[in-house]
Every structure is written in structure tokens, then in C-alpha cells.
Amino acid sequence: MLTKKRAHIFLSCVASLFVFSLLFALPTTGYTAGVGKDGTIAAQKGKATTLDELIAMYDSSSCYDCHGDKHEEWSQSVHARSVYGTGRTAATFRTAFLNGFMDWAYSGVESPEDVEVEHLMGCAKCHLPQLADATDDVAKELVATVFDWMDAYMEDDMETFEKHQETLLQLNINCLVCHNRMAITHKWTDGYPQDGVVYGFNEGFHPDDHFTEMKPSPILDESIFCGQCHGLGPNLELDNPTQCATAYGSHLWSYVANGGDKSCQQCHIHESGLGHNMQSYRSQVMADKAVDWKVKVRPMVWRDARSVHPKVMIDVALTNNAGHGIPDG
Amino acid sequence: MPVPEKFGRDDIMGRGPYEKSGMVADTALHPLKTAKEHFEITLDAAEDGDERTLDLKVQLWYLPYGTMDSDPFLWKEYTETVTIKL
Ligand code: HEC
Ligand code: HEC
Ligand code: HEC
Ligand code: HEC
Ligand code: HEC
């Protein structure tokens, strides 16, 4: 009897040891959910610890030699300066820090040194999604760079201003952000985007030194690809939701709901003839396409008690031809 | 335009994307919909003559930042000389 009980206890000990070692074994890979997550660019290179490392992680300069036309088009789009914008975006980032999390009681941020990646994802989710692949030190460095850039401008220190401007301009949505990082939306269904692969429409060898394989992205020509950053409404997954672009929401619930069937790519890349220079009204082509308008003028003679007034009635009809509301905001 | 709500409550407009959540109203031009605007211009009472001529100009402006002082774009322009016989 006694020996049997002992054996039982011994066995259950072995069993629990076994469970323990399993629990310890899993976290050492660093990734608990998702097969192939360890093959992404971020996992292969390890988190960026400086802004320069983050820029290098998605460095797309090798692409420009062979895809010069795409580079030329892309560099005219705001995707090429998605943090700097026209200067207004970077300036609004600063306001977002000051009037946002630095001002809020429960954010945990009192000075720029307290900022973590999570605080910035409320904007970076769309303006610089690869920031998620960096450490909190990089978040602090980004905030410091935006502050120093604005301060240099106020103090008329053009050398420092241009140095920081240069850095901010390199933080963007480039070839690898779209053709690798964002090229797969449903990662458990289609797999995680892998380092060394460019995602387009075809499969096979790709002559880049590092990105030697070509694979199809299942959503590159679908609206949801752009929708990943063009907004549905409040970003409710955040601890403190932000809201900026809502064009994808309008596309779904207003354009498609009214019978629209074109994708973002059809209008912005193909019909516009602008290719990778995806544009808004700032491009004449897009402004011309945006609305149809009809003006009807009807003159008449209006009579008051004793006086006679010439009068004109004007009817204007505006039809929005875009795939979402105008303006977005 | 979409008028975002400040922190998703009350009827106060939010300005920065860090405080915008939800919408108070949305007066944008919606896709595949036709919006109609009607204007009436009544001129001063006619004193003499039996005809008045008016050079009419109708313009559609896109104001990215809400005012004519900051980066406005002219989208459409319509001109017509209108003659009103009295
Ligand atoms: C040495 C030249 C070269 C370099 C460097 C290069 N590419 Fe390519 N790329 C090509 C060629 C050639 C093709 C194949 C075109 C074809 O077969 O249609 C291609 C195909 C592609 C495709 C797939 C197109 C499709 O229809 O499926 C994408 C996306 C792409 N490249 C992106 C990139 C990116 C991103 C980089 C930088 C990391 C890059 N390329 C660097 C030459 C190059
Ligand atoms: C859901 C994605 C998303 C999030 C989150 C987001 N933005 Fe945006 N933002 C965009 C897109 C897309 C545009 C392009 C214009 C448009 O459609 O409104 C834009 C436009 C802007 C503009 C206007 C640029 C100009 O020159 O007119 C500013 C400024 C801006 N964002 C700042 C921010 C800040 C600051 C945050 C964080 C508090 C933020 N955004 C969060 C996607 C986003
Ligand atoms: C904002 C996202 C985005 C960025 C940034 C981007 N692309 Fe693309 N690219 C696309 C989309 C979407 C398509 C597919 C368009 C379609 O539906 O035909 C595409 C198609 C392509 C193709 C294949 C189709 C063709 O027209 O030959 C190549 C090659 C390509 N891109 C290269 C590049 C290179 C090189 C860069 C960097 C200079 C780049 N892309 C940056 C979104 C992007
Ligand atoms: C990785 C996120 C991301 C993806 C993917 C993306 N965009 Fe953008 N896009 C942005 C951001 C952020 C801005 C605004 C940058 C700024 O003004 O500071 C922007 C700006 C634009 C603009 C110019 C808006 C303006 O006010 O001038 C157009 C047009 C546009 N994107 C279309 C597209 C289309 C079409 C696709 C899909 C083929 C796409 N984008 C995919 C993030 C993205
Ligand atoms: C039926 C054609 C069409 C489709 C589909 C379409 N767009 Fe547009 N888009 C336009 C036109 C035309 C403009 C120019 C008007 C403007 O800038 O407001 C525009 C403007 C924009 C702007 C600038 C918005 C602003 O405030 O001025 C963004 C950003 C944009 N589109 C993104 C997208 C995204 C993302 C999709 C898909 C979810 C998409 N578009 C689908 C035609 C289209």
C-alpha cells in the first residue's frame, strides 16, 4: 500500500515537472501565438534600439535601383513622409504629446523620458506602424527629435532643424512597409510576412541581394490593404482611443452601401494614372475627378409692395465621385 | 465635413486626433450622393432702364484647414452673364 502511494506521488511529480518544463520552453522562443512569427523582419533582426536602427530595419534603398519608376512616384506621395507630412503632421505629433498623454493624469507620462512605444501607437499605428518593432528607448528618441526639431525652428537654428528634419523624413511608409510588413492582414490564415520576401502578385525568384523571394500578397489589390491605416473611426483597441482618418469606414458604410464597387487601388493607382504617387485633391487629376457639379441659374423679377427687384436664383448640385466622404477627417 | 467628438462624449467638437473619438455630425459630401444648394440674390430695386446685367461667378473651394487664409484650393468655377428684363 505504502509503496504504491509513493509511486503515485513520484509519478505526479514527474508529470508536474514535465508541465513545468513545457511552460518554460515556450516563452524562450519569445512568441506564443502564431506560427512563423519568428520569421518576420522584426523577429529576425531583433527590436530596434535607436531611430537609426529602425530606419535601417526597413531600409528600402536597394529597391530604388531596379524599381526606379515606382520610387520616383512614391517619393512624391505623403507616404514618403508620413511622420513629417507637410511639417503639419510632425507639429501635430508635438501637440499630441503636450496636450495629450503628457497632460493626462493616468497616462504615466510626466516628461518625455517617460514615453513608451505604447503611448505613440495612437498615431504610429498608421503613420509609422513599424514603431511597434522598436524598444521604448526609440519612442523617447522620437519624442526628443520632434521637440528638438521644433525648438531649433523657433530659435532659427537651421543646421539643427535640418538635421532633425532629415531624420523625421526617413521615418515613413516605404516599399518594405507595404510589400512586406503590411502585405498580409490575416496572419493566422495566410502566414506572417517573412524576412527576405517581397509580397506582390507573383511567386518565384526575386533578384534583390537580401529579399530573394517573391510571393503573392492575398490583399495587395483589395481595399482592406489600405484600410489597415485609413481608419474606421475611433481606434478602440487602444487604452486611450485616438481618431484621425476615417476614410475606410466611409468607404465601407457609405460608398459600398450606396452601390460603389471600386477598390481604393482602382481609383488611386490605376484610373488616376498616378501609380505609387497616391494622391488627394492636392493633385489636379484627383481634384478634377472628385465631384460633378451642375449650376443652374434662373433670373426673375421680384416685386415688393411698390418696388421691382431683379433677382437671380442659383441651384448647385454636387455629386461626390470618390470612394468615401469628402473631406475625410 | 465629419465633425469629430471630443473624447466621445457630449456635443463638443474634438480638434487633435489624440482627443477625437466619435462624431457630433457629418456634413461631408457622401459618396455617390448628390448634395443640393440653393442661393437667392436679390438686387437693389430697379430705378430706370428695362434691363439689368449681372456677371455671375459661382466657385467651389476646398478648405483643408477650414479658412481661406490657410492653403485653400479652388475646385470648380462657373461663370455666366445674366440678363434680367424688367
Ligand atoms: C536587382 C533588381 C531588383 C531589386 C534590387 C529589387 N527588385 Fe523587385 N523585382 C525585380 C524584378 C526583375 C521583378 C520581377 C518582375 C516580374 O517578374 O514581373 C521584381 C518584382 C518585384 C515585386 C513583385 C511584383 C509582382 O508583380 O509580383 C515586388 C513587390 C518588388 N519587386 C518589390 C521590391 C522591393 C520592395 C525591393 C527592395 C527590397 C525590390 N523589389 C528590389 C527586380 C528588383
Ligand atoms: C487610423 C490611422 C491613423 C491614426 C491612428 C492617426 N492618423 Fe493621422 N492620418 C492618417 C491618414 C490616413 C491621414 C491622411 C489624410 C486623411 O485621410 O485624413 C492622416 C492625416 C493626419 C494629419 C493631416 C496632415 C496634413 O498635412 O493635413 C495630421 C496632422 C495627423 N494625421 C496627425 C496624427 C496624430 C498626431 C495622430 C495621433 C494622435 C494620428 N494622426 C493618428 C491616419 C491615422
Ligand atoms: C502604400 C503602400 C505601398 C508602398 C509604400 C509601395 N507600394 Fe508597391 N504596390 C502597392 C500596391 C497596393 C500595389 C498593387 C497595385 C495594384 O492593385 O495593381 C503595388 C504594386 C507594386 C509592384 C507590382 C505591380 C506593378 O505595378 O508593377 C511593384 C514592383 C511595386 N509595387 C514596387 C514598389 C516599390 C519598389 C516601392 C518603394 C519605392 C513600393 N512598391 C512602395 C502598395 C505600395
Ligand atoms: C501603413 C499605413 C498605410 C497604408 C497601408 C496606406 N496608407 Fe495611405 N496614408 C497613410 C498615412 C499615415 C497618410 C498621411 C500622411 C500625412 O499626411 O502625414 C496617408 C496618406 C494617403 C493619401 C493622401 C492624403 C492627403 O490628405 O494628401 C492617399 C490618397 C492615400 N494615403 C491613399 C492610400 C491608398 C490608396 C492605399 C492602399 C493602396 C494606402 N494609402 C495605404 C498610411 C497608409
Ligand atoms: C471611386 C474612386 C475612389 C475610390 C474607390 C477611393 N477613392 Fe480616395 N479619393 C478619390 C478622389 C477622386 C479623391 C480626391 C478628393 C479629395 O481629396 O477629397 C480621393 C481622396 C482621398 C484621400 C484624401 C481625402 C481628403 O480628405 O481629401 C484619401 C486619404 C483617400 N482618397 C484614400 C482612399 C482609400 C483608403 C480608399 C479605399 C478605402 C479610397 N480612397 C477609395 C477617389 C476614390
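Calculation criteria
- Residues numbered from 1 in each chain as written.
- Chains lettered and ligands numbered in written order.
- Predicted model: local features only at pLDDT ≥ 70, side-chain atom pairs only at ≥ 80, totals over all residues.
- Helix = DSSP H or I, 4+ residues; strand = E, 2+ residues; numbered from the N terminus.
- Rg over C-alpha atoms; globule rule 2.2 N^0.38 Å.
- Contact = placed C-beta atoms within 7 Å.
- Buried ≥ 20, exposed ≤ 12 C-beta atoms within 10 Å, placed from the backbone.
- Near = placed C-beta within 6 Å.
- Nonpolar A, V, L, I, M, F, W, Y, C, P; charged D, E, K, R; others polar.
- Pairing = 2+ DSSP bridges.
- Axes fitted to C-alpha atoms, helices over the stretch in contact; angles between N-to-C directions.

How should I be thinking about the overall build of chain A in this particular structure?
The helix and strand tally for chain A stands at 15 helices and five strands. The C-alpha radius of gyration of chain A comes to 27 Å, more than 25% above the 20 Å expected for a compact globule of 329 residues. Counting only C-alpha atoms, chain A reaches 120 × 50 × 50 Å along its principal axes. Residue pairs at least 24 apart in sequence account for 52% of intrachain contacts in chain A once pairs closer than 6 positions are excluded.

Sorry, what's going on with the overall build of chain B here?
Tallying secondary structure elements over chain B gives zero helices and five strands in all. Tracing chain B from N to C terminus, the helices and strands come up as β-β-β-β-β. Its C-alpha atoms give chain B a radius of gyration of 20 Å, clearly above 12 Å, the size a compact globule of 86 residues would have. Across its three principal axes, chain B shows a C-alpha extent of roughly 60 × 30 × 25 Å. Buried residues in chain B amount to 14% of all 86 residues.

Quick question: what am I supposed to make of the site of ligand 1 here?
Residue and element names in this part refer to chain A. Around ligand 1, the surrounding shell holds 18 residues, and the nearest of these are Cys63, Cys66, Cys175, Gly200 and Asn202. Contributing elements (two or more residues each) for the shell around ligand 1: helix H4 (61–66), helix H10 (175–181) and strand S1 (197–200). At four residues, H4 tops the list of elements feeding residues into the shell around ligand 1. The residue makeup of the shell around ligand 1, split by class, is nine nonpolar, seven polar and two charged.

Any chance you could explain the sheet that holds strand S4 (residues 291–303) of chain A here in plain terms?
Two orientations exist for strands paired in a sheet by backbone hydrogen bonds: parallel and antiparallel. Read across the open sheet, the three strands follow the order S4(A)-S5(A)-S3(B); overall the sheet is antiparallel. The sheet terminates laterally at S4 of chain A together with strand S3 (34–42) of chain B, the two strands that pair on one side only. Sheet twist, expressed as the mean angle between neighbouring strand axes with direction ignored, is 15°. Sheet analysis places strand S5 (residues 308–320) of chain A next to S3 of chain B, joined by nine bridges and oriented antiparallel. Its bridge partner being in S3 of chain B, Thr319 of chain A is matched across the sheet by Thr34 of chain B.

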